[in-house]
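Results of the structural survey
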Amino acid sequence: MSDIIQLLPDHVANQIAAGEVVQRPASVVKELLENAIDAQATYIKLIVKESGKTLIQVIDNGQGMSATDARLCFERHATSKIRVAEDLFKLNTKGFRGEALASIAAIAHVELKTKQEEDEVGTEIKIEGSEVVSQEVCVTPKGTSISAKNLFYNIPARRNFLKSNTVELRHIIDEFHRVVMAHPSIRFDMYHNSSEVFNLPITNYRQRIVNVFGGKTNEKLVPVKEETDLVTIHGFVGKPEYAKRTRGEQFFFVNDRFIKSAYLNHAVSSAFEGLLKDKAHPSYFIYLTVDPNSIDINIHPTKTEIKFEDEHSLYAMLRSAIKHSLGQFNVAPVLDFNRDSSMDTPYEYKGKIAQTPTIEVDRSFNPFKEEKTTRDNSFSNTYYAPKKETTASWENLYVGLESEMKTSKPIENDFSSVEFESEEVTGSLFKGDEKKIGNHTTYQLQKKYIVTTIKSGMVIVNQYRAHQRILYEELLRNITMASAVSQQLLFPLILSFSKSEIQLLEIVKEQLENTGFVFGELSEGEVKITAIPSVTSEKEVSVLLEQLINDLENEVPDSGFSQTDLLARSIAKSIAVRTGVELASEQQQYMVNSLFACTDPAITPDNKPTFITLTIDEIDKKF
């Protein structure tokens, strides 16, 4: 039998490696930005077209590369970051595998321009599908400019799997956030389709977070700081009242590298225990500095997962540091019920030395000294109160009444002529028969199900799912026919969102207005709402919009109707009557009648059953 195992060609191996490293345009953005940071750049510009499908370009003012390095950097496992295996446990750079540029060059048209400071001219290299097309001398400023065009041009199946432009841009912005927040000492600019998305100057950590997520973020942040031999913790957590129903603003950085850790996330959540509403998630921006020898980064292709040497101690320290900060800044309540919080010393005055207050006393004051007042035309020394006139009180009406009654003829009380309203109403105020609400009786079971009878047996309705279906069809009619009813707010509702979230709301603004919303101005960081749909309440609006933005970020379709369908589903899910809400008998009957008046009452918009039926035969079998 002949041999069947053979070595794969380099271009095939590179495409296989690219499948792990480059999952979508955002992966290319991450790798190129991290390379620019490793090159010690102080200014990095990101240019994106059509959400990265057409162009991703990163320009930096870093060290640059020589002609040999520029050619060699596109080879697999070629890197300047490590030399021996031991270097993997003392990493101070973002990259170390030497796979990113080779993987990108395998599935895109790559153009590189680079120049070192001491060189007079730079190097320009063009690569298409791992093949070097040209290498020439060029004039370029110090640093590196690398562009990846036509991503997945030679793998059509992978390109077809990419989501819509809005979703892919959202992933790019997420990766951009993760890089820029870890490096406030670097200036970043981002452009999409020739329009500026971010302009982030060199600043500190707090101001960088505010620049990324909007000016209103500043008042939400509580500083966290703790230094131990094992770890140095610094950063910020959001105040409990600003917690969201989505996990959008949760960031962990270890040695300035963004990571995901469910274990550390649980530490933060436990520190907020008892302070958050149900299903609310706190915001946090936590920076951990640990010894590189105590962590292992080389366990995941995207490098977002890290193994810690002593993660139990890290858990305890992180939890206690956050609890300490929440108590320190009077965010979390204390358990001393007899304590008056107004008597507490403010945090900023705790280290200051108390000073003796200066008190001025009028030593000549004598409260028993009598002063003679003289009535004259001068009002400078004496205050005259107006003379209080006595007015007749209601008792005066009866003065002398008793004596008059004794002298005069007594008054006879004859009540025979007084007419009273008849107690018995003989006539009917309303003509015609009374209209009954429904023929069937309903009963609410465990504040979750509505039980009602039908001719063949009984129906058990899930109130949350049924209300979803009712609202979904009502919202669809409103959006498509533009006939929604709005309720005007007495005071406009002002909600704060990040720049990218406001851009998403602008996309669906017209459809939201058809559902009943009336928007004021959409300024940077703020959304003004002057009217809301009649089916929702004011306190539900912020939760509704947060859930809608989360749905839009993850599954915005391209077609207009699909976007309308998603909008109706998201709003219906947010404002439907939840399990645990008690309904009056009229509300129960109304929900049952409305459900069976729908075009498709049997399932929710997410294809889940809304009710089940039990026939008489099935009930008889139970006995």
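Preceding this section is the structure that the text describes.
Residues numbered from 1 in each chain as written. Predicted model: local features only at pLDDT ≥ 70, side-chain atom pairs only at ≥ 80, totals over all residues. Heavy atoms only, no water.

With 57 residues, the main nonpolar core has Ile44, Leu46, Phe74, Phe176, Met181, Phe188 and Met190 as its most contacted residues. For this core, the element with the highest residue contribution is helix 2 (residues 25-38), accounting for seven residues. Non-local contacts of Met190, meaning those with residues more than four positions away in its chain, are made with Leu46, Leu169, Ile172, Ile173, Phe176, Ser195, Glu196, Val197 and Phe198. Ranked by size, the runner-up nonpolar core spans 33 residues in total, among them Phe517, Leu548, Ile549 and Leu566. (Core = buried A, V, L, I, M, F, W, Y, C linked by side-chain atoms within 4.5 Å. Buried < 20%, exposed > 50% of the residue type's maximum accessible area, 1.4 Å probe, protein only. Helix = DSSP H or I, 4+ residues; strand = E, 2+ residues; numbered from the N terminus. Contact = heavy atoms within 4.5 Å.)

With that settled, consider helix 2. Across its 14 residues, helix 2 extends 20 Å between first and last C-alpha, which sits within 8% of the 20 Å expected from 1.5 Å per residue. In terms of burial, helix 2 is largely enclosed, as 13 of its 14 residues are buried. Just beyond helix 2, the residue with positive phi is Gln40, at close to 60 degrees. (Expected span 1.5 Å × (residues − 1).)

Scanning the model with the defined rule gives 14 aromatic pairs in all. Of the aromatic side chains, those joined through ring pairs into one cluster are Tyr205, Phe213, Phe251, Phe253, Phe258, Phe285 and Tyr287. (Phe/Tyr/Trp six-rings, centres within 6.5 Å; stacked < 30°, edge-to-face > 60°.)

Moving on to the sheet that holds strand 16 (residues 442-445). Taking strand neighbours across the sheet as the criterion, the four strands line up as 16-17-18-22 in an open arrangement whose pairing is antiparallel. At either end of the open sheet lies a strand with only one pairing partner, and these are strand 16 and strand 22 (611-615). Across the sheet, the axes of successive neighbouring strands diverge by a mean angle of 25 degrees, strand direction being ignored. Here four bridges tie strand 16 to strand 17 (residues 449-454), and the two strands are oriented antiparallel to one another. (Pairing = 2+ DSSP bridges. Axes fitted to C-alpha atoms, helices over the stretch in contact; angles between N-to-C directions.)

Time to look at unusual backbone geometry. Within the chain, Asn150 stands out as a residue other than glycine whose phi angle is a positive 55 degrees. The topology assignment puts Asn150 in the loop between strand 6 (143-149) and helix 5 (156-160). The residue Asn607 is not glycine, and still its phi comes out positive at about 65 degrees.

Most of strand 3 (residues 109-115) is tucked away, with five of its seven residues classed as buried. Pairing of strand 3 with strand 4 (residues 122-128) involves six bridges; the strand directions are antiparallel. Its bridge partner lying in strand 4, Glu111 is registered against Lys126. What sits between strand 3 and strand 4 in their antiparallel hairpin is a turn of six residues.

A few words now on the side chain of Ser145. Looking at the secondary structure, you find Ser145 in strand 6. The exposure class of Ser145 is buried, given its relative accessible area of 13%. A distance of 3.1 Å separates the side chain of Ser145 from the side chain of Gln57, its partner in a polar contact. In contact with Ser145, other than residues within four places in its own chain, are Gln57, Val58, Ile59, Glu111, Leu112 and Lys113. (Polar contact = N/O pair within 3.5 Å; in protein donor to acceptor, adjacent residues only side chain to side chain.)

Remember, this is a structural readout, not a statement about activity or role.
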